[in-house]
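Results of the structural survey
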Amino acid sequence: MDLVLILQVLFDMIKNNIYIIFFFLFSLSCDKISGPFTEGCLNCCGDSENQKPIKTILIEEFTGHKCSNCPNGTRIIENIIETYCDHVIVLACHPFNQDFTSPNESGPLATDFRTSETTEIAEEFGFWGFPSGLLNRINNGEFFQPFELNTEIHNLLFDENNNPILPDLDIKISLNNFSLKSPIEINVEIEKLKELNGEYKLALVVSEDYIISGQYDGEELIEDYEHNHVYRNAINGTWGEAIDLTNNIINRSYILSNPNVINDISNCTIIAYVYDNETKEVIQASKKKIDLFEQL
């Protein structure tokens with residue numbers, strides 16, 4: 001009799017509080033949704049050809065042609081480029097001392113993408129595995145997995161009201177007097193747009209697109225995979241050189257001979273970025289495609 005009474009009391013409690021229970025369960029399933037909303041994101045696509053400077057960030061994607069998961073990471077980054085356009089510059093980095101980047105003696109995986117510069121960068125910031133990437137070298141050079149990048153990128157480019165964050169600098173790159181066989185004259189103009197304290201460095205890099213070579217993609221070896229944004233050569237050293245930002249305008253000139261590591265100079269891009277020498281965080285980046293037709 002006591003058991004029946006207890007069961008009746010419990011039933012009455014559940015019946016009387018069913019709406020409270022339902023509301024509680026519903027609230028658990030409705031998490032607050034916050035940005036970034038990259039699908040259909042209005043005004044997220046930056047245009048570097050616009051007369052007004054835009055903030056541009058640098059992704060250093062660490063990848064390898066024997067890394068079967070890396071193509072998925074690359075697809076995520078390509079989707080980010082499609083969303084943010086000229087707000088994003090990518091360098092695909094292949095360090096030494098990694099099984100996933102070592103070339104074979106022959107066959108579709110014989111291409112050697114490795115550079116000493118990307119190896120130095122990996123060692124400096126504590127590289128831990130593929131696929132991963134540095135994003136403006138924020139958080140003292142934290143390596144992110146590709147799926148973590150999108151939110152971080154949006155927060156670097158847009159404020160809480162989704163308004164574009166203005167850049168600290170404007171970097172313009174121009175190229176003069178070159179052909180397939182002659183050296184390339186590179187001119188870099190840096191305009192300071194905000195007051196900045198500290199020591200800063202300018203680094204210049206050559207990247208190359210459309211390299212057809214082997215790549216593991218899941219369990220499949222794709223022999224004619226297209227490799228893009230490949231870090232090929234540092235023009236002024238891995239860590240660049242100091243610049244004096246007490247001046248509003250800074251001009252630097254460099255000469256690039258066609259390095260042996262580059263397959264096709266016409267598929268290359270000059271990338272310049274400025275970073276804080278203390279924190280190593282990149283504050284602005286820029287790029288210039290090497291277009292032989294511009295010189296005709």
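Residues numbered from 1 in each chain as written. Predicted model: local features only at pLDDT ≥ 70, side-chain atom pairs only at ≥ 80, totals over all residues. Heavy atoms only, no water.

1. Focus on the pattern of salt bridges
In plain terms, the rule: Criterion for a salt bridge: a side-chain nitrogen of Lys or Arg within 4 Å of a carboxyl oxygen of Asp or Glu.
Scanning the model with the defined rule gives eight salt bridges in all. Between Lys 172 and Asp 170 there is a salt bridge, with the nearest N and O atoms lying 2.5 Å from each other.

2. A short note on the packing of aromatic side chains
Here is the rule: The pairing test for Phe, Tyr and Trp rings, Trp by its six-membered ring, is centres within 6.5 Å, and the orientation test on the planes gives stacked under 30 degrees, edge-to-face over 60, and tilted for anything in between. Helix and strand labels come from DSSP, where a helix needs a run of H or I of at least four residues and a strand needs a run of E of at least two; each type is numbered from the N terminus. Think of it in three bands: residues with accessible area under 20% of the maximum for their type are buried, residues over 50% are exposed, and the middle band is partly exposed, with areas taken using a 1.4 Å probe on protein chains only.
Counting across every chain of the model gives eight aromatic pairs. Ring centres 6.4 Å apart and planes at 35° place the aromatic pair Tyr 84 and Phe 158 in the tilted group. Taken as a pair, Tyr 84 in helix 3 (residues 70–84) and Phe 158 in the loop between helix 6 (149–157) and strand 5 (169–176) lie far apart in primary sequence, 74 residues in all. Judged by its relative accessible area of 2%, Phe 158 is buried. Put simply, the rings of Phe 62, Phe 100, Phe 127, Phe 130 and Phe 143 pair up and form one aromatic cluster.

3. Things to note about the sheet that holds strand 6 (residues 184–192)
Spelled out, the test is: Strands qualify as paired when DSSP identifies two bridges or more between them. An axis is simply a line fitted to the C-alpha atoms; with a helix, the fit covers only the stretch in contact. Between two such axes, the angle follows the N-to-C directions and lies from 0 to 180 degrees.
In spatial order, the strands read 5-6-12; together these three strands make up an open sheet with antiparallel pairing. In this open sheet, the two strands that pair with only one neighbour each are strand 5 and strand 12 (249–256). Averaged over all neighbouring strand pairs, the angle between strand axes comes to 15°, with direction disregarded. For strand 6 and strand 12, the ladder comprises eight bridges, and the chain directions are antiparallel.

4. Examining the nonpolar core
To be explicit about the condition: Only buried residues count toward a nonpolar core. Its members are Ala, Val, Leu, Ile, Met, Phe, Trp, Tyr and Cys residues joined through side-chain atoms within 4.5 Å. Residues are treated as being in contact if the distance between any of their heavy atoms lies within 4.5 Å.
Grouped together as the largest cluster of nonpolar side chains are 27 residues, with contacts concentrated most on Ile 186, Ile 190, Leu 202, Leu 204, Ile 270 and Val 274. Residue contacts for Ile 270: discarding those within four places in its chain leaves Ile 173, Leu 175, Ile 186, Leu 204, Val 205, Val 206, Ile 235, Leu 256, Ser 286, Lys 287, Lys 288 and Ile 290. Membership of the second largest hydrophobic core comes to 23 residues, among which are Phe 62, Phe 127, Leu 134 and Tyr 273.

5. What to know about the state of the cysteines
Rules: Whenever a pair of cysteine sulfur atoms sits within 2.5 Å, that pair is classed as a disulfide.
Throughout the structure, instances matching the rule amount to two disulfides. Across the disulfide from Cys 45 sits Cys 85; the S-S distance is 1.8 Å. Note on the Cys 45 and Cys 85 pair: the S-S dihedral is about -110°, so by sign convention the disulfide is left-handed. With Cys 45 in the loop between helix 2 (18–29) and strand 1 (57–62) and Cys 85 in the loop between helix 3 and strand 2 (88–93), this pair connects stretches of sequence that are 40 residues apart. The class of Cys 45 is partly exposed, set by a relative accessible area of 47%. Overall, Cys 85 belongs to the buried group, its relative accessible area being 18%. In this model Cys 67 forms its disulfide with Cys 70; the gap between the sulfur atoms is 2.3 Å. Here the disulfide of Cys 67 and Cys 70 is right-handed, its torsion about the S-S bond being about 90°. This pair shows no difference in class: Cys 67 is buried, exactly as Cys 70 is.

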